[in-house]
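Listed here are the chains, written in short residue letters.
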Amino acid sequence: MSLATENLNVGERLRDVSIQCRRGMITAICGPNGAGKSTLLSCLADLQETTSGRVMLGERPMRFKSPRERAQWLGYLPQAPDVAWDVAVEVLVSLGRLPWSDAPAGENAKAIEDAISAMDLEELRHRPVSRLSGGERARALMARVLATQPGWLLADEPLASLDLGHAAALMRRFRQQAQQGRGVVLVLHDLATAMNHADCVVVLDKGEVVADGPPETALTRDIVSRVWKCRAQWLGDPGERALSIASPSPASERGMRILD
Amino acid sequence: MTQLRLNLLLLLGLALVVPLSLLAGRVWINPLAPETHNASLILMHLRLPRAVLAVTLGAGLGLTGAAMQAYLRNPLADPGLFGIAPGAALGAVLSFWTGYAASPWLLPVFALLGASGAMLLLALIAGRGGGVALFTLAGLMVSSLAGALMSLAISLSPSPFAMTEIVTWMMGALADRSWREVWIAVPCTLAGAAAIYAARRSLDALTLGEAAARSLGVDPLTLQLQIIAGVGLIIGSGVAVAGIIGFVGLMVPHLVRPLTDRRPSSLLVPSAIAGALLLLVADCLCRILPLASGELRLGIALSLLGTPFFLVLLLRMRKGLSW
């Protein structure tokens, strides 16, 4: 089963985007600011009005009987979401079970417990959201998505405010989810994370797909230099890659001069 | 405190206050020695409908306040803000114009028509995208339009007598209400409460913002229609029978929120009961306050109480205390 787009257009933000994400794999969407990453992710989450083109789930265009059925299939974590009311972590995570509100209570309770322990939140479960640090809050919000146990996990910069240890733990958790047969699609800013942990990388620039494939071929030195406008070099072995960034390329120097 | 215990406690309070409210007033009735002249008449035709109305309207205001705050994700939202109350008031003012004396049903029916007009306009403007921002703007627009039309109607009022009557009526009150008003308010409030109750899970999901709520299966359009219908029926019928009563919808959810787990759906029932309690007590106080000329208007009393509360709220918010 795959989640794919066919010649997708969203105004000027996405142009003719055709990508395919597979279940059991981690797909990373990368690109500079304003490239259309979040727009593409919300298209995959069926939350975005499109100008033309289709989003396919499996062999057929994506269509659900109800918003609730969609919610059971597609779990979506927006970028830097805010929480309106000062609920406790446990209550926040339980919101993830709203699409399953008619499931047996025991099943819901277990899903909430699993999500809480997966995100290492046992000790924070009664703490109100206002007294969490940025990273703790990000973990609680991620646990909310995990609690839904959807077929697809779509997360917009899930690592943005996590410390090193929790970021690594979350990536392991995503891998585990993929191994359980879920599809995982992440918008990632950190190219090294995408290089080391993703099975497939989609590089977007100005709304168009620049590269799409395994990280080794999608995030080559050339593409990184061209899209992010900086001279970069991969160090280390596969799986432990680090990106070394040299002095700015002539292209961005020109940009600087114009600004001056 | 658990949800159930809080609700039971509030219900217990209500069960204590309702009988007391029946005894209190200009004429005090002693239940042990009921020799007061016309006691049963006063109870059945004055006190009881008034108590039922206070409970109904208070519950409606508390419930819609909690729902509006949840829907707009804003602790300062008030059910009166969104054009429905001004719409109903406009209808009522127009009924004064056409001759209030014609039929006692004329005013409430006109007010309900005004509220429906405001609801329809809200749904037409905001209902296309279902977004909260557009809804807020549409509400403010409907509100100021109805306000302006109301001022126009008052300024063109045919006689100064009608003008006084309009102005007094607008300061909400529950004095001299009868069973007729009860039959208007109760069914509308129940229907509105059903619409809001149906939206409770969607309101919970909105805690996480609009995008996340949609991803959790909330249909924004359905939710918006539920809110418009719920708030419209409750506030529209409330204004139709008692004029404009402010601040209960703003205050009550705030008083109740710290006692719950702060989930919007946990707030609905206790806000309704606490609203009923507050309005009933306030109405009794208005009734027994020794004032030279008649009694203190309920709407005025609550606004006097509400303004300092609002100020404290704003100050607390600036200090960054949580909700």
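For the structure, see preceding data.
Just so it is clear, the structure is predicted and the values come from calculations on it, not from any experiment.

Caption draft 1: Looking closely at a nonpolar patch on the surface. All names here are of chain B. A cluster of nonpolar side chains, Leu94, Trp97, Met141, Leu145, Leu149, Leu152 and Leu156, forms an exposed patch at the surface whose accessible area comes to about 620 Å². Where the nonpolar patch is concerned, the elements lending two or more residues are helix 3 (84-97) and helix 5 (132-155). It is helix 5 that provides the largest number of residues to the nonpolar patch, a total of four residues. Among the structural elements, Leu149 can be located in helix 5.

Caption draft 2: Quick peek at the pattern of salt bridges. Counting across every chain of the model gives 15 salt bridges over all chains. When the shortest N-O distance is used, the salt bridge between Arg54(A) and Glu6(A) registers 2.9 Å. Here Glu6(A) lies in strand 1 (residues 2-10) and Arg54(A) lies in strand 5 (residues 52-57), a separation of 48 residues in the sequence. Between Asp261(B) and Arg263(B) there is a salt bridge, with the nearest N and O atoms lying 3.6 Å from each other.

Caption draft 3: Main features of the interface of chain B and chain A. Counting from both sides, the interface comprises 25 residues of chain B and, opposite them, 28 residues of chain A. Counting each side, the surface lost to burial between chain B and chain A is near 2,100 Å², with a carbon and sulfur contribution of 65%. For the chain B face of the interface with chain A, the top three residues by lost area are Leu208(B), Ser215(B) and Leu216(B), together amounting to 28%. At the boundary of chain B and chain A, one finds one salt bridge. Here Arg73(B) ties to Asp82(A) by a salt bridge, and the two come within 3.4 Å at their closest N and O atoms. Counting the contacts that link chain B with chain A gives five residue pairs in polar contact (both at pLDDT 80 or more). Going through the elements one at a time, helix 2 (39-72), helix 8 (200-205) and helix 9 (210-215) of chain B are the ones with two or more residues in the side of chain B that touches chain A. No other element matches helix 9 of chain B, which puts four residues into the side of chain B that touches chain A. Across the side of chain B that touches chain A, the residue classes break down as nine nonpolar, seven polar and nine charged.

Caption draft 4: View of the packing of aromatic side chains. Residues and elements named next belong to chain B. Enumeration over the complete set of coordinates arrives at one aromatic pair over all chains. When the centroid spacing of 5.2 Å and the interplanar angle of 90° are considered together, the rings of Tyr71 and Phe135 count as edge-to-face. Taken as a pair, Tyr71 in helix 2 and Phe135 in helix 5 lie far apart in primary sequence, 64 residues in all. In this structure, Tyr71 and Phe135 share a single accessibility class: buried. Directly above the ring of Tyr197 sits Arg200, whose terminal nitrogen or CZ lies 4.1 Å from the centroid.

Caption draft 5: Summary view of the nonpolar core. Membership of the largest hydrophobic core comes to 144 residues, with the highest contact counts inside it found for Leu92(A), Phe174(A), Val201(A), Leu57(B), Tyr71(B), Phe135(B) and Ile245(B). A total of 13 residues in this core trace back to one element, the largest contributor, which is helix 2 of chain B. Look past the residues within four positions of Phe174(A) in its chain and what remains in contact with it is Ile26(A), Met142(A), Leu153(A), Ala155(A), Pro158(A), Val184(A) and Leu186(A). Membership of the second largest hydrophobic core comes to 27 residues, among which are Leu154(A), Val187(A), Val202(A) and Leu204(A).

Definitions and limits used
Residues numbered from 1 in each chain as written. Chains lettered and ligands numbered in written order. Predicted model: local features only at pLDDT ≥ 70, side-chain atom pairs only at ≥ 80, totals over all residues. Heavy atoms only, no water. Patch = residues over 30% accessible without salt bridge, like charges linked within 9 Å, V, L, I, M, F, W, Y side chains within 5 Å. Areas by Shrake-Rupley, 256 points an atom, 1.4 Å probe, with all protein chains shown as cover. Salt bridge = Lys/Arg side-chain N within 4 Å of Asp/Glu carboxyl O. Helix = DSSP H or I, 4+ residues; strand = E, 2+ residues; numbered from the N terminus. Contact = heavy atoms within 4.5 Å. Buried area = accessible area lost by both parts, 1.4 Å probe. Polar contact = N/O pair within 3.5 Å; in protein donor to acceptor, adjacent residues only side chain to side chain. Nonpolar A, V, L, I, M, F, W, Y, C, P; charged D, E, K, R; others polar. Phe/Tyr/Trp six-rings, centres within 6.5 Å; stacked < 30°, edge-to-face > 60°. Buried < 20%, exposed > 50% of the residue type's maximum accessible area, 1.4 Å probe, protein only. Lys NZ or Arg CZ within 6 Å of the ring centre and 35° of its normal. Core = buried A, V, L, I, M, F, W, Y, C linked by side-chain atoms within 4.5 Å.

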